[in-house]
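Residue-level structure breakdown
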Amino acid sequence: MIYLDFAATTPPLQEVQEAMLEVYRAELGNPSSLHTPGQLAKQKVAQARDQVAQLINADPEEIIFTSGGTESNNTVMHVFQGKNIAISAIEHPSVAASAQAYAGTLTQLPVDQWGFVRHAEIPANTDLVSIMLANNEVGSVQDLAGICKTIKSGRGGAIVVGDANRESPDQFVKITTPTVENSQRSVVENTTENTLYVHTDATQAIGKIPVDVKALGVDYLTFSAHKIGGPVGVGALFVRRGAPYCPLILGGHQENGRRAGTTNTASIVGLGVAAGLTTTNKTWQSYDTRVRTLRDWLKAQIMQQIPHVRLNSPTTNDLPHILNVSFAGAEGEAVQLYLDLADIAVSTGSACAAGSLEPSPVIMAIHHDAEVAHGSVRFSLGLNTTRAELEQLLQVLPGIVQRLQSISTVNLDA
Ligand code: PMP
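Cut-offs applied
- Residues numbered from 1 in each chain as written.
- Predicted model: local features only at pLDDT ≥ 70, side-chain atom pairs only at ≥ 80, totals over all residues.
- Heavy atoms only, no water.
- Helix = DSSP H or I, 4+ residues; strand = E, 2+ residues; numbered from the N terminus.
- Buried < 20%, exposed > 50% of the residue type's maximum accessible area, 1.4 Å probe, protein only.
- Contact = heavy atoms within 4.5 Å.
- Areas by Shrake-Rupley, 256 points an atom, 1.4 Å probe, with all protein chains shown as cover.
- Pairing = 2+ DSSP bridges.
- Axes fitted to C-alpha atoms, helices over the stretch in contact; angles between N-to-C directions.
- Near = heavy atom within 4 Å.
- Polar contact = N/O pair within 3.5 Å; in protein donor to acceptor, adjacent residues only side chain to side chain.
- Nonpolar A, V, L, I, M, F, W, Y, C, P; charged D, E, K, R; others polar.
- Arc of directions from axis to C-beta.
- Phe/Tyr/Trp six-rings, centres within 6.5 Å; stacked < 30°, edge-to-face > 60°.
- Lys NZ or Arg CZ within 6 Å of the ring centre and 35° of its normal.

**Concerning the overall build of the chain**
Per the secondary structure count, the chain includes 13 helices and 14 strands. When the 414 residues of the chain are sorted by exposure, 57% land in the buried category. Here the analysis covers contacts within the chain between residues at least 6 apart in sequence; of these, 69% occur between residues at least 24 apart. Counting every atom, the chain has about 17,200 Å² of accessible surface; 53% of that belongs to carbon and sulfur.

Written as C-alpha cells, this is what we have:
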C-alpha cells in the first residue's frame, strides 16, 4: 500500500511504540497516587510535559494534556462560552462546531482563493479570535504572528497589516480591534486582563514548520500527537499563563485541576517522545527540503499530465507535505476509490468530513464552487515517502481521472 494520507494520521514512530510498551510493561501506577509506582508514573508525565513545552517554547506549567486536538479546541471555545468569538472560515470542524455551540456571537473571517485570512474585519467587542496556523485540507499557513501583533497592539479603529512575502501583492489583513467597550465584558475565570485573546489550532503545522508560542504571540495553542508520530487519542493545549481558563471536563484534580480524568500515562509518554524527537531532529527542516521537493515534483507532474486540473493549495506560505487539487468532471471520492483499488491511499476533504456527501466547507470557503469542492483530492506526504511511490501513483492517476472525465456530464471546455 502506498500511503499518501499523512495529514489524516501518521503511524506511531518506533521509538514512540517502544516507550509506550515500556510504560505498560513497567506496571506503573496512577500518577495521582503517592506510592512508588504512582510517583514513577508522575515523573514520566512530568518529563513528557517538559518535552512538549520545549517543542513549542512554552513553560511546562502552560501545557495541559488532553485526548487530542478535538478536545483541546473544544476546551478553548468552552472557556469563552457566551462570549464573542471570531474564527476563520476554514477552521477544522472541532473549532467551527464548538465555536458555534458556545459562542454568544460568532463571526466568520473570510479567506482568499488560496486560503489566507485577508480583509477580515473583527467586530469591536470580540473576546476570542481563533485562526488555525495551517489548514489541514489545502495547507495554507497564516501569517499568525503578524495577525496577533495587529490584534494585540491595536486599540480601536481599522488596522491594515501588509506582508510583502505573500503571494498577492495587495494581500493584507484588515482588522478592527476592540474599543474600550471591551472592558464591559465579564471576565472569564483566572484573569483580570481586558484583552482580545487569540487561539490557534496548530495540529497540522506542528512538526512541519517551526512553532513557537512566544514568537507567534498566541494565548492558546492546540495540537495532537498522532500528526507527529505519536499515538492517537492524546494531545496538548497550551494556555498562556494568566489567560482565562476553565475546565471542560470536570470531576478530578488531574492536570492541576484543569482537565479531569485518570492520567493517560503511556499515551502522554508517547506524545512526549514524539515531541522530543521532533525538537531534536528539527523535523520541519526535512519537510522543508526533501518532502517539499517531492511534493513540488508531484504537483508539476500532475499539472503536466492531467487536463483540467485546478490547484487548491497555495504555492507559497504553504505546508510542505500537502497537495490539494480538483479534477474537473471527476468526483474526488471516485478518484479516491479507484486509487484505493490500486493500493494507494489518498483523501478527499478532511477525513473527519469523509462519508458526508456535503462538499468540503474549506474548499467551498475558498472557491465558492461545489463542483471544485466535490472534485478535490488531497495528497499528503510523509517523511519516508519516496519518489518511486509517487511514480507509481502517476502510472495510474492520469488514466483514472481521464476515464472519469470521459463519462462526466460536465462541459470541460466551457
Ligand atoms: N485540528 C486539525 C487542523 C486537524 O487536522 C485535526 C485532525 N484531523 C484535529 C484538529 C483533530 O485532532 P484529533 O484527531 O487529535 O482530535
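**Describing helix H3 (residues 69-79)**
Each turn of an α-helix holds 3.6 residues, which means side chains three or four residues apart point in the same direction. Across the eleven residues that make up H3, a large majority, nine, are buried. Residues of H3 that are buried include every one of Gly 69, Glu 71, Ser 72, Asn 73, Thr 75, Val 76, Met 77, His 78 and Val 79, and no others.

**Let's talk about unusual backbone geometry**
If you check the backbone angles, Glu 27 has positive phi at about 50° while not being a glycine. Residues other than glycine seldom take positive phi values, yet Lys 282 does so here, at roughly 45°. Mapped onto the fold, Lys 282 is located in the loop between helix H8 (265-281) and helix H9 (283-305). Assessed through its relative accessible area of 40%, Lys 282 is described here as partly exposed.

**Digging into the sheet that holds strand S5 (residues 128-130)**
Strand order in this open sheet of seven strands is S2-S10-S9-S8-S5-S3-S4, and the pairing throughout is mixed. Only two strands of the sheet have a single partner each, and these edge strands are strand S2 (63-66) and strand S4 (105-109). Strand after strand, the sheet turns through a mean of 20° between neighbouring axes, direction not considered. Sheet analysis places strand S9 (residues 220-224) next to strand S10 (residues 235-239), joined by five bridges and oriented antiparallel. Following the sheet pairing, Thr 222 is matched in S10 by Leu 237. Of the strands in this sheet, S2, strand S3 (84-88), S5, strand S8 (197-201), S9 and S10 touch H3, which is tilted by about 160° from S9. This element, helix H5 (residues 144-153), spans S5 and S8 of the sheet and lies at about 165° to S8.

**Details of the sheet that holds strand S14 (residues 376-380)**
Strands sit in the order S11-S12-S14 across an open sheet of three strands; the sheet is antiparallel. Of all strands in the sheet, those bounded by a partner on one side alone are strand S11 (309-311) and S14. Geometrically, the sheet is characterised by an average inter-axis angle of 30° between neighbouring strands, direction not taken into account. Where S11 lies against strand S12 (residues 322-327), three bridges are found, and the strand directions are antiparallel.

**Here's the deal with the site of the ligand**
Among the 15 residues in the neighbourhood of the ligand, the closest are listed as Gly 69, Thr 70, Asp 201, Ser 224 and His 226. Gly 69 has a polar backbone atom sitting 2.8 Å from an oxygen atom of the ligand. His 92 places a side-chain nitrogen or oxygen 3.4 Å from a nitrogen atom of the ligand. Within the complex, the protein chains bury 88% of what would otherwise be the 400 Å² of accessible surface of the ligand. Here the shell around the ligand gets three residues from one element, more than from any other, and that element is H3. Of the residues that constitute the shell around the ligand, the class distribution is two nonpolar, eleven polar and two charged.

**Section: helix H10 (residues 332-341)**
If you check which residues of H10 are buried, you get Gly 332, Val 335 and Leu 339. Here the buried residues of H10 occupy an arc of 65° about the axis, which is enough to place them on one side. In H10, the exposed positions angled more than 90 degrees off the buried face are occupied by Leu 337 and Leu 341. Tucked inside the fold, the buried residues of H10 contact S12, strand S13 (344-345), helix H12 (370-374), S14 and helix H13 (387-406).

**Quick word on the packing of aromatic side chains**
Here the structure, examined in full by the defined rule, presents three aromatic pairs. Seen from their ring centres, Phe 80 and Tyr 197 are 5.9 Å apart, and the 50° between their planes marks the pair as tilted. Here Tyr 197 lies in strand S8 and Phe 80 lies in the loop between H3 and S3, a separation of 117 residues in the sequence. Between the aromatic rings of Phe 80 and Tyr 220, the centroid separation amounts to 5.8 Å while the plane-to-plane angle is 90°, which identifies the pairing as edge-to-face. In this pair, Phe 80 is assigned in the loop between H3 and S3 and Tyr 220 in strand S9, connecting sequence segments 140 residues apart. You can call Phe 80 buried: its relative accessible area is 0%. An aromatic cluster is present here, built from Phe 80, Tyr 197 and Tyr 220 joined pairwise through their rings. The lysine or arginine in question, Arg 387, covers the ring of Trp 297, its NZ or CZ lying 3.9 Å from the ring centre. When the ring centre of Tyr 338 is taken as origin, the NZ or CZ atom of Arg 403, which lies over that ring, is 5.3 Å away.

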